[in-house]
Each structure stands twice: as C-alpha cells, then as structure tokens.
Amino acid sequence: MVISLMISATFTGMVIKKYEEVLQSAVYLAVFIPMLMDTGGNAGSQSATLIIRGIALEEIEFSDIFKVIWKELRVSILVGFILSGINFLRIYYFTKSGFETSLVVAISMFLTIIMAKVIGGVLPLIAKSMKIDPAIMASPLITTIVDTAALIIYFQLSVIFLHI
C-alpha cells in the first residue's frame, strides 16, 4: 500500500513538473489541486466500496461491467453537476478568483468525478476477474489513476480557458 502511494506521488509529481510553466504563470491554480484530487479520490473510493460489497455478496460479477459503467456514469453526472455548481459559486464569490478560473475548477471537478466513479466501479471487477482481491487492488490504483488524470484535466483546461 505504501509503495503504491509512493508511485502515485511520483506520477502526480511528473504531471506537476510537466505543467510547471502553467503553475508559474498562475500560482493561484495550486490552491485548488488538493480539492480536486481529494474529491476524485473520494468519489472513486465510494464507487469501489459499493462494487466490492456487491462482489462480496455475489450480487455483482464481471459480466455486469457495462451495467456498472452505465450506473456510475449516471450517478457521477448528477453528483458532478451538483458539486461543480456549488464549487463554481463558492470559488467565484468567496475567493474572488474570477469567472474563468472558477469555470476551469468546476469543469475539472465535473470531469474528475465522472472519471473517478467509473474507474472506481470498474477496477474492482477487473481485479476480481484477474483473481486479485478487489479490496486490496482498488484503492491504491484508484488513487494513482485519479490523482494523475485529475491534474492532467485541470492543467489542460487551465491552458485552454486561461490562455496560459
């Protein structure tokens, strides 16, 4: 587990290094990184927990993967829309970050939640199909994938919308 977290930190560090110029031009973007990564990790872990429970109770199996993806997509769009909307308003009005920055963070959060919930729903099923304990494999992999992808989404949207 500790090794996987170290690997996760390595990947996220590589992404931050790749977008170092973006961060240097707009240092205030760094303030929102923990929130995006934590939200993604929480969303992915919630999905994984429910799927692992379903696997343990033999209510879900690998053949249900497309049902799981469809369900997680629908739930994540709803959750993502609500959390992104609330955060857009919170960031815009309480941090005085400006419309574009608030929009970048909100869209990043929306996309991160969708990605995290789908990954969190699928990884335990893949682990089980590979004869690996889903509970052991899901959390570290979700963290690694979601953290890295959330940063890429965030920085790419920052480049596009903020013209950095």
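Residues numbered from 1 in each chain as written. Predicted model: local features only at pLDDT ≥ 70, side-chain atom pairs only at ≥ 80, totals over all residues. Heavy atoms only, no water.

Going by the annotation in an unreviewed UniProt entry, the name recorded for the protein is MG2+ transporter mgte, with Fusobacterium vincentii ATCC 49256 given as the source organism. According to UniProt, the comment filed for the protein under the heading Sequence similarities (unreviewed entry) is "Belongs to the SLC41A transporter family." Per UniProt, the comment on the protein under Subcellular location (unreviewed entry) is "Membrane". (UniProt positions renumbered as here; feature names shortened; annotations may be inferred.)

(A) Representation of the confidence of the model for the protein within the structure. For the protein, per-residue confidence averages 90 on the pLDDT scale, and residues scoring 70 or more make up 95% of the total. Across the protein, the element-wise mean pLDDT spans from 74 in helix α1 (residues 2-18) up to 96 in helix α4 (residues 65-94). (pLDDT = per-residue confidence, 0-100. Helix = DSSP H or I, 4+ residues; strand = E, 2+ residues; numbered from the N terminus.)

(B) Region of interest: helix α5 (residues 99-129). With 31 residues, α5 extends 45 Å from end C-alpha to end C-alpha; this agrees with the ideal 45 Å at 1.5 Å per step. Just past α5, the residue Lys131 takes up positive phi, approximately 65°. (Expected span 1.5 Å × (residues − 1).)

(C) Structural context of the pattern of salt bridges. On inspection of all chains with the given rule, the structure shows four salt bridges. For Asp64, the salt bridge identified is with Lys67, shortest N-O distance 3.7 Å. Assessed through its relative accessible area of 61%, Lys67 is described here as exposed. (Salt bridge = Lys/Arg side-chain N within 4 Å of Asp/Glu carboxyl O. Buried < 20%, exposed > 50% of the residue type's maximum accessible area, 1.4 Å probe, protein only.)

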